[in-house]
Amino acid sequence: MIKKVFKQMIWTQIISAMTVTLCLLIDNIMIGRFLGEDSIAAYGLTTPVLLIFAAFGAMISAGIQVVCSKTIGKGDQKGTDSCFTVSASLCVGVSALALIVVFLFPNQICTLLGAGDPVPGNTVFWLTKDYLIGFIVGAPAFICSQIMVPYVQIVGEQKRLITAVAMMTVADVTLDLVNVFAVKAGMFGMGMASSLSYYIALGIGLTYFLSKKCIFKFRIKLFAMKTVKHLIKEGFPTVVNQLSLVLLVYVLNRTLLNVSGNTGVAAYAVISTVANICYCFGSGIAAVALTLSSMFYVEEDKTSLLEVVKTMTKYAIVMNVIVIAVVFLTAPLLIRVFLTNPTSGVREMAVVGLRLFSLSLVSCAMCTTLKNYYQGTGRKGLTQLISVMQNFTFTALFAFVLSRFIGTTGIWLAFFAGETTTFLVILCIIFVKRKKVALSFEAMSLLEEDFGVPEENIYEAEFSSGDDIQKTAIELSDFCKAHGEDDKTSYYISLCMEEITTNIIKYGFGKDNKDHKIDIRYVIKKKKRTLRIRDDCQTFDPVSYFELHKDDAPTETIGIRVVMSITEYANYINSLGLNNLTLVF
């Protein structure tokens, strides 16, 4: 079932990752084709500021993925609402601060970015300032869109998310064209087009949060500093990742100015825009890994965690090999979309740079997915170390050294050298922690040998037809007896499994002409016995259903009545499009 969930989530997460980059990609294309290379250089110089805002959104988004996965998994609605309240409040506060700072100090910010002094002849400075002011208007929507994504993903509203991204893209293209041919507001108009597009996407997403079926409630009385700290703590590795990237972009821009002037900066602006789209495949896989690893780690489900590592590794390698091949073959066409002048030297430089950059994508995806997996499994120190190595230290170091010998080409090669070195360091850390040379999915998981419940105290099964229910019931009953349960208790536990799974197949299978699976996990931990039943059918909450119908005639809902009378505690949650029922005996 892990493979199926991974496959279902991955494209939505890739598209989600593109929400931040699509408007910037469109702006870069329009700027390159209609406003010239000075405007592209100005766009490239504003990138660090845009990444700072993206860093905050990414931090809270990652914190939500971890915190909500845990609160929802525990059935803690109050904790879930507190997380929602805090994240929404932080979004409003930071957006307001961003607007105030940029509007009060635009000249100082542009000079700090490398645009020079605000003098009449410095065209790049004024273009940089225009785009920055136009874009900052959309900061609230820009940040809120990032924070909205994990909530929409958790409740399975993928279609709404895809619709928001599609409408945002159409709006940005339309508004950019209106700016170029009608309004003629230059770089300021391009920034405003992005801002308005983000507000359109946000408006579509908000329709869920304002609907009656929204499971998240904004309750100001649940705003707690404890939750703020928890969100920041869980998301901090992500902000380290983003801020390292901000610093890298700043350093590379400065290095390129010294080596090849505005031509190099303009080429890098185009390369980084295409790169951001390429990165979405790796970051989409990593986002799925973060969500699933957080959920399975709190459940102490070692088997599922190993399956996550195995699946994310295969996706990271296969998908990014394909991306490398596509980028390498189509690099001249991709660059021509942005740059129309064949004689300036920027286009030729960008083609070479894009091809050399693409070689880093597999090792980058491996580093990113492992980093998110380690974040989900509580290894925050290792996560932060990987972020700094990957997004700044090694790439910046190689860029500095190689540029001294082979100029701009050395800077493009620094991406491959930096990502590869980071991955090799991760393997060395794994070898040191394992105290042996072993490159396996279990070794990469870095789970302690005594993590979770011993395998001999776990019974797991997966099936997709009613023919397997009786067989599974017998195996579960025998497992219980082998672990000291009497015949009566063993029968009751297997009966609960049989009743619930029979209902799932009867009412869930065959309703949508899709293949479905049921996953069973029974765990004995000390004196606590837990049966978790998970399926990928349409949403159905047997716990709430029982509460609504417990006063009906005894002959009604007899199966659920029997289960609820036997269990000490029952909890249901729908997460990631899966029904999860936990029964404690």
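Predicted, not measured: the structure shown is a model, and the values here were computed from it.

**Notes on the overall build of the chain**
When you go through the chain residue by residue, the secondary structure sums to 19 helices and five strands. Here the C-alpha radius of gyration of the chain, 26 Å, is about what a compact globule of 585 residues would show, namely 25 Å. Once the C-alpha set of the chain is aligned to its principal axes, its extents read approximately 90 × 55 × 45 Å. Within the chain, buried positions represent 56% of all 585 residues. With 51 positive and 45 negative side-chain charges, the chain shows a separation of 5 Å between the mean positions of the two kinds.

**Side note on the packing of aromatic side chains**
The tally for this structure, following the rule as stated, stands at 22 aromatic pairs. Note on Phe-84 and Phe-209: the rings are 5.6 Å apart at their centroids and 10° apart in plane angle, and the pair reads as stacked. Of the two residues, Phe-84 is situated in helix α3 (residues 77-104) and Phe-209 in helix α8 (residues 186-209); the sequence distance between them amounts to 125 residues. Ring centres of Tyr-151 and Phe-209 lie 6.3 Å apart, and the angle between their planes is 85°; this geometry places the pair in the edge-to-face category. Of this pair, Tyr-151 sits in helix α6 (residues 139-154) while Phe-209 sits in helix α8, and the two are 58 residues apart along the sequence. Here Tyr-151 and Phe-209 have matching classes, each one buried.

**Remarks on the environment of His-516**
Among the secondary structure elements, His-516 is positioned in the loop between α17 (487-507) and β2 (518-525). Take His-516: its relative accessible area is 6%, and that puts it in the buried class. Sequence spacing of His-516 and Phe-463 is 53 residues, and the spatial spacing of their C-alpha atoms is 8.8 Å. Not counting residues up to four positions away in its chain, the partners in contact with His-516 are Lys-4, Ser-464, Gly-508, Phe-509, Asp-536 and Cys-537. Among the polar contacts listed, one links the side chain of His-516 to the backbone oxygen of Asp-536, at a separation of 3.1 Å.

**Points about the layout of surface pockets**
By volume, the largest pocket amounts to about 1100 Å³. If you trace the largest pocket, you find 38 residues lining it, with Val-155, Gly-156, Thr-539, Asn-574 and Gly-577 closest to the centre. Going through the elements one at a time, α1 (2-34), α2 (37-74), α3, α7 (158-183), α18 (542-549) and β4 (569-575) are the ones with two or more residues in the lining of the largest pocket. Ranked by residue count, the leading element in the lining of the largest pocket is α1, at five residues. In the lining of the largest pocket, the residues fall into 11 nonpolar, 16 polar and 11 charged.

**Focus on the pattern of salt bridges**
Going through the model one piece at a time under the given rule, you end up with 10 salt bridges. Via salt bridges that share partners, Asp-301, Glu-460, Asp-519, Arg-521 and Arg-532 belong to a single interconnected network.

**A look at unusual backbone geometry**
Here the phi dihedral of Lys-184 falls at roughly 55°; this positive angle occurs in a residue that is not glycine. For Lys-184, a relative accessible area of 61% gives the class exposed. A positive phi angle, close to 55°, is found at Leu-446, a residue other than glycine. Within the element layout of this structure, Leu-446 appears in the loop between α15 (441-445) and β1 (458-463).

**Some thoughts on a nonpolar patch on the surface**
Judged by side-chain polarity, Phe-34, Leu-35, Val-173, Leu-177 and Phe-181 come together as a nonpolar surface patch covering roughly 400 Å² of accessible area. The element contributing the most residues to the nonpolar patch is α7, with three residues.

**As for the pairing of strand β5 (residues 578-584)**
Most of β5 is tucked away: seven of the seven residues are buried. Burial along β5 is two-sided: Leu-578, Asn-580, Thr-582 and Val-584 facing one way and Asn-579, Leu-581 and Leu-583 facing the other are all buried. For strand β3 (residues 528-535) and β5, the ladder comprises six bridges, and the chain directions are antiparallel. In the sheet register, Asp-535 faces β5, and the bridge partner there is Asn-579.

**Some details on a negative patch on the surface**
A surface patch of like charges, here negative, comprises Glu-442, Glu-449, Asp-450, Glu-455 and Glu-456. With respect to the helices, strands and loops of the structure, Glu-455 is situated in the loop between α15 and β1.

**Focus on the side chain of Thr-395**
Tracing the backbone shows Thr-395 in helix α13 (residues 380-406). With residues up to four places along the chain from it excluded, the contact list for Thr-395 reads Leu-248, Met-389, Gln-390, Ala-414, Phe-415 and Gly-418.

**Brief notes about helix α5 (residues 123-136)**
The first and last C-alpha atoms of α5 sit 20 Å apart over 14 residues, in line with the 20 Å expected at 1.5 Å per residue. Counting buried residues along α5, 11 of its 14 residues qualify, which places the element largely inside the surrounding structure. Here α5 has its buried residues at Val-124, Phe-125, Leu-127, Thr-128, Lys-129, Tyr-131, Leu-132, Ile-133, Gly-134, Phe-135 and Ile-136.

**Some thoughts on the environment of Phe-223**
Examined against the element boundaries, Phe-223 turns out to sit in the loop between α8 and α9 (225-298). When the C-alpha positions of Phe-223 and Ser-87 are compared, they lie 9.3 Å apart, and in sequence the two are 136 residues distant. With residues up to four places along the chain from it excluded, the contact list for Phe-223 reads Thr-85, Val-86, Ser-89 and Val-228.

**Section: the nonpolar core**
By size, the foremost hydrophobic cluster in this structure holds 146 residues, and its most contacted members are Tyr-151, Phe-209, Phe-216, Leu-292, Met-312 and Trp-412. If you look at the next biggest cluster of nonpolar residues, it comprises 31 residues, including Met-497, Phe-509, Ile-533 and Leu-583.

**Some points on the packing of α18 against helix α19 (residues 558-566)**
When two helices pack together, their arrangement is given by the angle between the helix axes and the distance between those axes. Closest axis-to-axis distance for the α18/α19 pair is 10 Å, and the angle between their directions is 105°. In terms of orientation, α18 and α19 fall into the roughly perpendicular class. Contact with α18, carried on its side by Pro-542, Val-543, Tyr-545, Phe-546 and His-549, involves Ile-560, Arg-561 and Met-564 of α19 and no other residues of that element. The residue makeup of the contact of α18 with α19, split by class, is six nonpolar, one polar and one charged.

Calculation rules
Residues numbered from 1 in each chain as written. Predicted model: local features only at pLDDT ≥ 70, side-chain atom pairs only at ≥ 80, totals over all residues. Heavy atoms only, no water. Helix = DSSP H or I, 4+ residues; strand = E, 2+ residues; numbered from the N terminus. Rg over C-alpha atoms; globule rule 2.2 N^0.38 Å. Buried < 20%, exposed > 50% of the residue type's maximum accessible area, 1.4 Å probe, protein only. Lys, Arg positive; Asp, Glu negative; His and termini not counted. Charge placed at Lys NZ, Arg CZ, Asp CG, Glu CD. Phe/Tyr/Trp six-rings, centres within 6.5 Å; stacked < 30°, edge-to-face > 60°. Contact = heavy atoms within 4.5 Å. Polar contact = N/O pair within 3.5 Å; in protein donor to acceptor, adjacent residues only side chain to side chain. 1 Å grid on protein atoms, 1.4 Å probe; cavity = no way out; pocket = protein on both sides within 12 Å on 5 of 7 lines; lining within 4 Å. Points joined across faces, edges and corners; volume = space filled by probe spheres on them. Nonpolar A, V, L, I, M, F, W, Y, C, P; charged D, E, K, R; others polar. Salt bridge = Lys/Arg side-chain N within 4 Å of Asp/Glu carboxyl O. Patch = residues over 30% accessible without salt bridge, like charges linked within 9 Å, V, L, I, M, F, W, Y side chains within 5 Å. Areas by Shrake-Rupley, 256 points an atom, 1.4 Å probe, with all protein chains shown as cover. Pairing = 2+ DSSP bridges. Expected span 1.5 Å × (residues − 1). Core = buried A, V, L, I, M, F, W, Y, C linked by side-chain atoms within 4.5 Å. Axes fitted to C-alpha atoms, helices over the stretch in contact; angles between N-to-C directions. Parallel < 35°, antiparallel > 145°, perpendicular 65-115°, else oblique.

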